[in-house]
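# Topology and contacts: notes
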Amino acid sequence: MQIIKLNATDSTNEYLKQLVTSQVVENYTVIYTENQRNGRGQMGSVWISQEGKNLTFSLLLFGVLKNVESIYNLNIAVAVAIVDVLKRENIPELKIKWPNDIMSANRKLGGILIENAIKSTTDIHSIVGIGLNVNQQNFDGLPQATSLCLTTGQFYNCEELLTKIVDQLKNNVELITENKSEVLWEKYHQFLYKKDIPSAFANIKGVKFMGIIKQVIANGQLEVIMEDDSLQYFSIRELKMLY
């Protein structure tokens, strides 16, 4: 694993994408910074991180996904890797909020942004961006945010956490390449936020409704039992879970 540490960058994902286009980059190369000025989350949301307090990095992966139908396996592997590491750090009430937010109780600890470049149906390169609130203690204007420090009262070494997460991800990737991804899916569903609990949602038109999350299916869609007991399936851009 090669780690390239930057003093500051707008986005570790963008930096790594540019690096890949300009030179040969080895698998599991990591771009890490303590000051990400313009990080991004799902659907173009902004990831705000206080300088020197949090873990923000991107990782290059290739040779993992063998077809486009299995793309969501990587999302599962990354989310489960982070939860496994944080569980060993005694972070309480860990959950994965669909599709890729890491939660402690009802507050967000971090998020994942995976960008896939599909060269062919069997050649898929992935850039995995991870942002994790570690030692930040002030989240003005972000009432749903929290950090490892706030949940336990302890401070953490960000670079040690990075190494632990990448090592765990390598183990999870092995499960994918050995066709054992069902192990990861089972664990993902064990940690799935609000699973089997009546919850409030808003659809793409802003219409609010109640439903019950049952599972995430292979293509990444969320399966929800509606108020009329019918099953409906939602893609990432089609549904928002209301706190």
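Residues numbered from 1 in each chain as written. Predicted model: local features only at pLDDT ≥ 70, side-chain atom pairs only at ≥ 80, totals over all residues. Heavy atoms only, no water.

So, about the pattern of salt bridges. Counted according to the given criterion, the structure contains 10 salt bridges. We note a salt bridge from Glu178 to Lys180, for which the minimum N-O separation is 3.6 Å. Note on Glu178: relative accessible area 42%, which makes it partly exposed. Members of the salt-bridge network, linked through shared partners, are Lys5, Glu34 and Glu159. (Salt bridge = Lys/Arg side-chain N within 4 Å of Asp/Glu carboxyl O. Buried < 20%, exposed > 50% of the residue type's maximum accessible area, 1.4 Å probe, protein only.)

A few words on the sheet that holds strand 12 (residues 222–226). Sheet architecture is open: five strands sit in the order 13-12-11-10-14, paired in antiparallel fashion. This sheet does not close on itself; its edge strands, each paired only once, are strand 13 (231–234) and strand 14 (239–241). The average undirected angle you get between the axes of adjacent strands in this sheet is 50 degrees. Pairing of strand 10 (residues 198–203) with strand 14 involves three bridges; the strand directions are antiparallel. (Pairing = 2+ DSSP bridges. Helix = DSSP H or I, 4+ residues; strand = E, 2+ residues; numbered from the N terminus. Axes fitted to C-alpha atoms, helices over the stretch in contact; angles between N-to-C directions.)

Glancing now at the nonpolar core. A general feature of soluble globular proteins is that nonpolar side chains tend to end up buried together. One finds Leu55 and Tyr188 to be the most contacted residues of the largest nonpolar core, which totals 63 residues. Sorting elements by how many residues they give to this core places helix 2 (residues 71–88) first, with 13 residues. Sequence-distant contacts of Leu55, defined by excluding residues within four places in its chain, comprise Tyr32, Ile130, Gly131, Leu132, Val134, Cys158, Leu161, Leu162 and Ile165. In this structure, Leu16, Leu19, Val25 and Ile127 belong to the second largest nonpolar core, which totals seven residues. (Core = buried A, V, L, I, M, F, W, Y, C linked by side-chain atoms within 4.5 Å. Contact = heavy atoms within 4.5 Å.)

Sheet topology note: the strand 1 (residues 3–6)/strand 2 (residues 30–33) ladder contains four bridges and is parallel. In the sheet register, Lys5 faces strand 2, and the bridge partner there is Tyr32. This β-α-β element, strand 1 to helix 1 (residues 12–22) to strand 2, shows right-handed connectivity. (Right-handed = clockwise from strand over helix to strand, strands pointing away.)

This part is about the side chain of Asn75. Among the secondary structure elements, Asn75 is positioned in helix 2. Those residues in contact with Asn75 that lie beyond four places of it in its chain are Asn100 and Ile114.

Across its 20 residues, helix 4 (residues 158–177) extends 28 Å between first and last C-alpha, which sits within 8% of the 28 Å expected from 1.5 Å per residue. Among the residues of helix 4, Cys158, Leu161, Leu162, Ile165, Val166, Gln168, Leu169, Asn172, Val173, Leu175 and Ile176 are the ones counted as buried. Two to three positions downstream of the cap, the backbone nitrogen of Glu159 sits 3.0 Å from a side-chain oxygen, assigning the N-cap of helix 4 to Asn157. (Expected span 1.5 Å × (residues − 1). Polar contact = N/O pair within 3.5 Å; in protein donor to acceptor, adjacent residues only side chain to side chain.)

By definition, a disulfide is the covalent link that joins the sulfur atoms of two cysteine residues. The final tally for this structure, using the stated rule, is zero disulfides. Free cysteine Cys149: the closest other cysteine sulfur is in Cys158, separated by 11 Å. We classify Cys158 as buried; its relative accessible area is 9%. (Disulfide = S-S within 2.5 Å.)

Read across the sheet, seven strands follow the order 1-2-5-9-8-7-6 without closing on themselves; strand pairing throughout is mixed. Both outer strands of the open sheet, strand 1 and strand 6 (94–97), are each paired with one neighbouring strand and no more. Averaged over all pairs of adjacent strands, the angle between strand axes in this sheet comes to 20 degrees, irrespective of strand direction. Bridge count between strand 6 and strand 7 (residues 101–104): four bridges; the pairing is antiparallel. Bridging across to strand 7, Lys95 finds its partner in Met103. Across the sheet, helix 2 touches strand 5 (55–62), strand 6, strand 7, strand 8 (107–120) and strand 9 (123–132), and the angle it forms with strand 8 is around 150 degrees. Across the sheet, helix 4 touches strand 1, strand 2, strand 5 and strand 9, and the angle it forms with strand 5 is around 25 degrees.

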